[in-house]
Amino acid sequence: MSTLTDHARAGADELIKAMASMPATDPRRARVRARAIEAWLPLARHLAARYHGRGEPADDLVQTATVGLIKAVDRYDPGHGVEFAGFAIPTVLGEIKRHFRDRTWSVRVPRRTQELRMAINQANNALLATLGRSPTVADVAAHLGITEEAVLEGLEGARAYSASSLNAPVAGGDGTVELADTLGASDHEYELTELRLTLGRAMTKLNEREQRILSLRFYGNMTQSEIAARVGLSQMHVSRLIAKALQRLRSDLRND
């Protein structure tokens, strides 16, 4: 193993075997376990280094690989006839792959979609080499033995792997327009426009005097006394007409 000298590896193997031979109640076991983990740390770092440059911090990868190593140390049984390195390597690599599967997606998607994305990527690479051109959705579907709809679903799900910053400049622009500037937002004026149209239709059902009084009250901002003087009615009469007209409008709007 290139990560350990022969002497170091022999010592690490001895520690693993010694720990495995100790009963769980042995007070020395925890100390031997810690020494065994430390002795095999170069293997974890070596395996983590394979995944450098894939968008994850090196420290996070080493930490994940170390977790896999600890699991391997705790689960290893020399009685199965497998050397510790042969048992630990797939355990550590599996932990790293789970890290990429579970931690690096911007939006969490089902595991099936994550695995489908990986299968599509592998199929694309294989077909590109054999076909000499970019494979179509039909090519990928035939290669994987799935439907074209499933391929499209996987491609759509792959868009959740990484996210773009809202402050990122828009492609093709002059650098002053950001992605956030192109996104729509709720505009309450649309609701008001719809309400005004509905109210306009309801107003046509009132007689001319009622329409005039409501217009003076709510558009002209006149008091009932001022309206009464304008239309030649008493304030009490104007008040009753306004209440009656509003009741009719509410009924019509509710029905509409």
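Residues numbered from 1 in each chain as written. Predicted model: local features only at pLDDT ≥ 70, side-chain atom pairs only at ≥ 80, totals over all residues. Heavy atoms only, no water.

Topic: the pattern of salt bridges
Test applied: Any Lys or Arg side-chain nitrogen located within 4 Å of an Asp or Glu carboxyl oxygen qualifies as a salt bridge.
Counted according to the given criterion, the structure contains six salt bridges. Across the salt bridge formed by arginine 28 and aspartate 26, the nearest N and O atoms sit 2.9 Å from each other. Taken together, the shared-partner salt bridges in this structure form one network comprising Lys71, Glu95 and Arg98.

Focus: the packing of helix H10 (residues 224–231) against helix H11 (residues 235–255)
We count it as follows: Note on geometry: axes are C-alpha line fits, over the in-contact stretch for helices, and angles between N-to-C directions span 0 to 180 degrees. For the purposes of this entry, the term helix denotes a DSSP run of H or I that reaches at least four residues, the term strand denotes a run of E that reaches at least two, and both are numbered from the N terminus. When an angle is under 35 degrees it counts as roughly parallel; over 145 it counts as roughly antiparallel; between 65 and 115 it counts as roughly perpendicular; any other value is oblique. In this analysis, two residues are considered to be in contact whenever any of their non-hydrogen atoms come within 4.5 Å of each other. In this classification, Asp, Glu, Lys and Arg are treated as charged, Ala, Val, Leu, Ile, Met, Phe, Trp, Tyr, Cys and Pro as nonpolar, and every other residue, Gly included, as polar.
Two elements in contact, H10 and H11, have axes separated by 8 Å at closest approach and are oriented at 105 degrees. Of the possible angle classes, the one that applies to H10 and H11 is roughly perpendicular. Counted together, Gln224, Ser225, Ile227, Ala228 and Val231 of H10 and Gln235, Val238, Ser239 and Ile242 of H11 form the full contact between these two elements. Along the lines of polarity and charge, the residues of the contact of H10 with H11 split into five nonpolar, four polar and no charged.

Describing unusual backbone geometry
What is expected of a backbone is that most residues other than glycine have negative phi and most peptide bonds are trans. Even without being a glycine, asparagine 221 presents a positive backbone phi close to 55 degrees. Relative to the helices and strands, asparagine 221 resides in the loop between helix H9 (208–219) and H10.

Considerations on the nonpolar core
Threshold: Among the buried residues, those of types Ala, Val, Leu, Ile, Met, Phe, Trp, Tyr and Cys that are joined through side-chain atoms within 4.5 Å form a nonpolar core. Only protein chains enter the accessibility calculation, which uses a 1.4 Å probe; a residue whose area is less than 20% of its type maximum is buried, one above 50% is exposed, and one in between is partly exposed.
The biggest cluster of nonpolar side chains holds 28 residues, and the ones touching the most others in it are Ile16, Trp40, Leu69, Val73, Phe84 and Ile96. Of all the elements in the fold, those that place two or more residues in this core are helix H1 (6–21), helix H2 (29–49), helix H3 (58–75) and helix H4 (84–103). In terms of residue count, the dominant contributor to this core is H2 (nine residues). With sequence-adjacent residues up to four places away left out, phenylalanine 84 is seen in contact with Asp13, Ile16, Trp40, Leu69, Ala72, Val73 and Tyr76.

Overview of the side chain of threonine 91
Worth spelling out the cut-off: Think of a polar contact as two N or O atoms within 3.5 Å of one another; within protein, one of them needs to be a possible hydrogen donor and the other a possible acceptor, and neighboring residues in sequence only count if both atoms come from side chains.
Structurally, threonine 91 is set in helix H4. A distance of 2.9 Å separates the side chain of threonine 91 from the backbone oxygen of phenylalanine 87, its partner in a polar contact. Sequence-distant contacts of threonine 91, defined by excluding residues within four places in its chain, comprise Gly68, Lys71 and Ala72.

Concerning the environment of glutamate 83
Within the secondary structure layout, glutamate 83 lies in the loop between H3 and H4. In sequence terms glutamate 83 and isoleucine 16 are 67 residues apart; their C-alpha atoms lie 10.0 Å from each other. Apart from the residues lying within four places of it in its own chain, the contact partners of glutamate 83 are Arg9 and Tyr76.

Digging into the environment of glutamate 156
Inspection of the secondary structure assignment puts glutamate 156 in helix H7 (residues 148–158). Put simply, glutamate 156 and threonine 113 are 43 residues apart on the chain and 9.3 Å apart in space, counted from C-alpha to C-alpha.

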